Amino acid sequence: MSRETKTLLDVDDLRVTFPTRTGLIEAVRGVSFSLGRERLGIVGESGSGKSQTGRAIMGLTPPQARISANKLAFDGIDLLSVSPRERRALRGKRIAMILQDPKYSLDPVMSIGRQIVETLRTHEKVGKAEARDRALAMLEAVQIRDPSRVFNLHPHEVSGGMGQRAMIAMMLIAGPEMMIADEPTSALDVTVQLDVLGILDRLVSERGMGLIFISHDLRLVSSFCDRVIVMYAGKVVEQLKASELGQAQHPYTRGLLNCMPKIGADRHPLPVLDRKPEWAA
Amino acid sequence: MTSAIAVDRLEVIFDRFRALKGVSLDVQPGESFGLVGESGSGKSTLLRAIAGLAPVASGSIVVNGKTLGPRRDKAFYREVQMVFQDPYGSLHPRQTVDRLLQEPLAIHGFADGEKRIQRALDEVGLGNGFRFRYSHQLSGGQRQRVAIARALILEPSILLLDEPTSALDASVQAEVLNLLEEVRRRRKLTFLMVSHDLAIITHMCERLMVMQSGEAVENLAAADLVERRVTKDYTRNLLRASDGFVRTA
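About the criteria used
- Residues numbered from 1 in each chain as written.
- Chains lettered and ligands numbered in written order.
- Predicted model: local features only at pLDDT ≥ 70, side-chain atom pairs only at ≥ 80, totals over all residues.
- Helix = DSSP H or I, 4+ residues; strand = E, 2+ residues; numbered from the N terminus.
- Rg over C-alpha atoms; globule rule 2.2 N^0.38 Å.
- Buried ≥ 20, exposed ≤ 12 C-beta atoms within 10 Å, placed from the backbone.
- Pairing = 2+ DSSP bridges.
- Contact = placed C-beta atoms within 7 Å.
- Axes fitted to C-alpha atoms, helices over the stretch in contact; angles between N-to-C directions.
- Nonpolar A, V, L, I, M, F, W, Y, C, P; charged D, E, K, R; others polar.
- Parallel < 35°, antiparallel > 145°, perpendicular 65-115°, else oblique.
- Left-handed = near helix turned anticlockwise from the far one by under 90°.
- Arc of directions from axis to C-beta.
- Core = buried A, V, L, I, M, F, W, Y, C linked by C-beta atoms within 7 Å.

## What about the overall build of chain A?
Turning to step 1, where the next piece is worked out: Scanning chain A from terminus to terminus reveals 11 helices and 11 strands.
Turning to step 2, where the next piece is worked out: Here the C-alpha radius of gyration of chain A, 19 Å, is about what a compact globule of 281 residues would show, namely 19 Å.
Turning to step 3, where the next piece is worked out: Across its three principal axes, chain A shows a C-alpha extent of roughly 60 × 50 × 45 Å.
Turning to step 4, where the next piece is worked out: Scored against the burial criterion, the 281 residues of chain A give a buried share of 42%.

Below is the structure:
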């Protein structure tokens, strides 16, 4: 049944709980959504549980945390009952993840090319020469001008934008069906940000992938995604089409949109969020 | 009227790298002036050079009519204070808020410390309850308020703000920006503010300078930017980028 259905990912009542000295902290409290071959944005402020949601799907939740869900299924595979070995086979091959800062998420002692080849050869039986050719082609696809030079560089030798492109290349080389991008452009300059988003956008639509785009920037997400989930205190407070963001109902979404300074809007003082305890209830 | 800050053909060189290539700047007293640019454009270096934290190779910096030498004296820091980007890195992790605020008072020999600390905390909206906490017991926004209180406690006339809100959530950013505007109005402060975000700069500042790779690209009034009366392509690119992602299909 899995192939025909359009749903790639099904999340129902996902909870992630961390035991701490002062008791249990629920970082994610009952999140439900489904993802097809579309771009879905998850927006929230720090501590809203957006990253933990992404990590739980990817299987990167720290070992001391507890995950529970009525359903957490990728293409019909139950991610909660699957063995670690099968999970590893999925990760990188069918589900990929882009992290925020290439400075920390790339291996500093391995050349960029070798890291990409490593990903490919972990998941596919390909020869060294072919792997190299495919890595070079992938670097070209993420608009790196001189792929054979960049192939041999180490992460500290490239700029942030270049590093993030290399990371996208590494994530896409095994041809995943779903990609989770956790703040993929927050560490980049605004102009570079748009280049990287453009590349991501083109590759995702060309390959028909499902994308989960996690970000704190509501406006950026709504300009990039088809659908947006707004999270607050571990819960989804609102789900809406990106094009209908202007008609957001929840006061939190509206407050978040409103409190950012805009060029041309002369508002002194800026409206601030009046957090209501019932939002977190 | 003498300028609050006048920078003339300033060069900053780190080893052999020219971080600032002859940048000039003039900020009037009571004005709020913005510096915009991408990483590596030299905007923070310019701020740090004024504060005495970057090696100046040539050029001059005049603050309130006084030309600055290679070393800053105590009187300078009573006039000029700085707020840094990362509230997690700029507060001492093993000192209470009280201790953090006492330090500048002790250095400058203020006698009425008690009163000043209370007033500074009230001014930034924290109140006495935060006085004996450590910085790890505070949220990012609260920490930045402490950093602002520490800068204000000596009653300077100029604040140097290096991306004061870029580490904060959008809703907390609005609160901190409002606080900064309020203290500026109340104390008639001069701001020199660095940000990569054009929207923040046009919100906070009357005039701004766009920088790229150690050079000034153009000087603008915030109103010009709002009307998109810019002359340089680089500024136009920045403006377009701040509009968000546009799909080219």
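Continuing now.
## As for the sheet that holds strand S4 (residues 56–63) of chain B
Where strands meet in a sheet, backbone hydrogen bonds hold them as pairs that are either parallel or antiparallel.
Residue and element names in this part refer to chain B.
Turning to step 1, where the next piece is worked out: Taken in spatial order, the four strands of this open sheet run S2-S1-S4-S5, and their pairing is antiparallel. This sheet does not close on itself; its edge strands, each paired only once, are strand S2 (17–27) and strand S5 (66–67).
Turning to step 2, where the next piece is worked out: As paired elements, strand S1 (residues 5–14) and S2 share eight bridges and run antiparallel to each other. The partner of isoleucine 13 across the bridge, within S2, is arginine 18.
Turning to step 3, where the next piece is worked out: Against the sheet, helix H1 (residues 43–51) contacts S1, S2 and S4, and its axis sits at roughly 70 degrees relative to S2.

## Remarks on the interface of chain A and chain B
Turning to step 1, where the next piece is worked out: Each partner contributes residues to the interface: chain A has 28 residues there, and chain B has 26 residues.
Turning to step 2, where the next piece is worked out: Among the elements that make up the side of chain A that touches chain B, the one with the highest residue count is helix H8 (residues 190–207) of chain A (six residues).
Turning to step 3, where the next piece is worked out: Its residues placed into classes, the side of chain A that touches chain B shows 15 nonpolar, eight polar and five charged.

## Some words on the environment of A:Ile112
Turning to step 1, where the next piece is worked out: Tracing the backbone through its elements, the reader meets A:Ile112 in helix H4 (residues 112–123).
Turning to step 2, where the next piece is worked out: Between the alpha carbons of A:Ile112 and A:Glu238 there is a distance of 40 Å; along the sequence they are 126 residues apart.

## Side note on the packing of helix H5 (residues 140–152) of chain B against helix H6 (residues 170–187) of chain B
All names here are of chain B.
Turning to step 1, where the next piece is worked out: Packing of H5 against H6 brings their axes to within 10 Å, and their N-to-C directions diverge by 15 degrees. Between H5 and H6, the angle is such that the two are roughly parallel. Crossing hand, H5 versus H6: right-handed. Contact with H5, carried on its side by Gly140, Gly141, Gln144, Arg145, Ile148 and Leu152, involves Val172, Glu175, Val176, Leu179 and Val183 of H6 and no other residues of that element.
Turning to step 2, where the next piece is worked out: Along the lines of polarity and charge, the residues of the contact of H5 with H6 split into six nonpolar, three polar and two charged.

## Focus: the sheet that holds strand S10 (residues 215–221) of chain B
Residue and element names in this part refer to chain B.
Turning to step 1, where the next piece is worked out: The strand order across the open sheet formed by six strands is S6-S7-S8-S3-S9-S10, and the pairing between neighbours is mixed. Every other strand in the sheet has two partners, leaving strand S6 (80–83) and S10 as the edge strands with one partner each. The sheet shows a mean angle of 20 degrees between the axes of neighbouring strands, direction not considered.
Turning to step 2, where the next piece is worked out: Across five bridges, the pairing between strand S7 (residues 158–162) and strand S8 (residues 190–195) is parallel. Considered in S8, the bridge of leucine 160 is made with leucine 192.

## Topic: helix H10 (residues 251–258) of chain A
Turning to step 1, where the next piece is worked out: Taken residue by residue, H10(A) has A:Tyr252, A:Gly255 and A:Leu256 as its buried positions. Projection of H10(A) onto a plane perpendicular to its axis shows the buried side chains occupying an angular sector of 100 degrees, all on one side.

## Let's talk about the packing of helix H7 (residues 160–172) of chain A against H8(A)
All names here are of chain A.
Turning to step 1, where the next piece is worked out: Here H7 crosses H8 at 15 degrees, and the two axes come no closer than 10 Å. Put simply, H7 runs roughly parallel to H8. Between H7 and H8 lies a crossing whose hand is right-handed. Contact with H7, carried on its side by Gly161, Gln164, Arg165, Ile168 and Leu172, involves Val192, Asp195, Val196, Ile199, Leu200 and Leu203 of H8 and no other residues of that element.
Turning to step 2, where the next piece is worked out: Looking at the contact of H7 with H8, its residues break down into seven nonpolar, two polar and two charged.

## Description of the environment of B:Ile201
Residue and element names in this part refer to chain B.
Turning to step 1, where the next piece is worked out: With respect to the secondary-structure elements, isoleucine 201 resides in helix H7 (residues 198–204).
Turning to step 2, where the next piece is worked out: When the 26 C-beta atoms within 10 Å are taken as the criterion, isoleucine 201 is described as buried.
Turning to step 3, where the next piece is worked out: Contact partners of isoleucine 201, with chain neighbours within four places excluded, come to Gly34, Val36, Met193, Ser195 and Leu208.

## Some points on the nonpolar core
Turning to step 1, where the next piece is worked out: Residues A:Ala169, A:Met179 and B:Leu208 are the most contacted members of the largest nonpolar core, which totals 155 residues.
Turning to step 2, where the next piece is worked out: Here the element with the most residues in this core is H7(A); it accounts for eight residues.
Turning to step 3, where the next piece is worked out: Contact partners of A:Met179, with chain neighbours within four places excluded, come to A:Ala96, A:Ile98, A:Met171, A:Val204, A:Met209 and A:Leu211.

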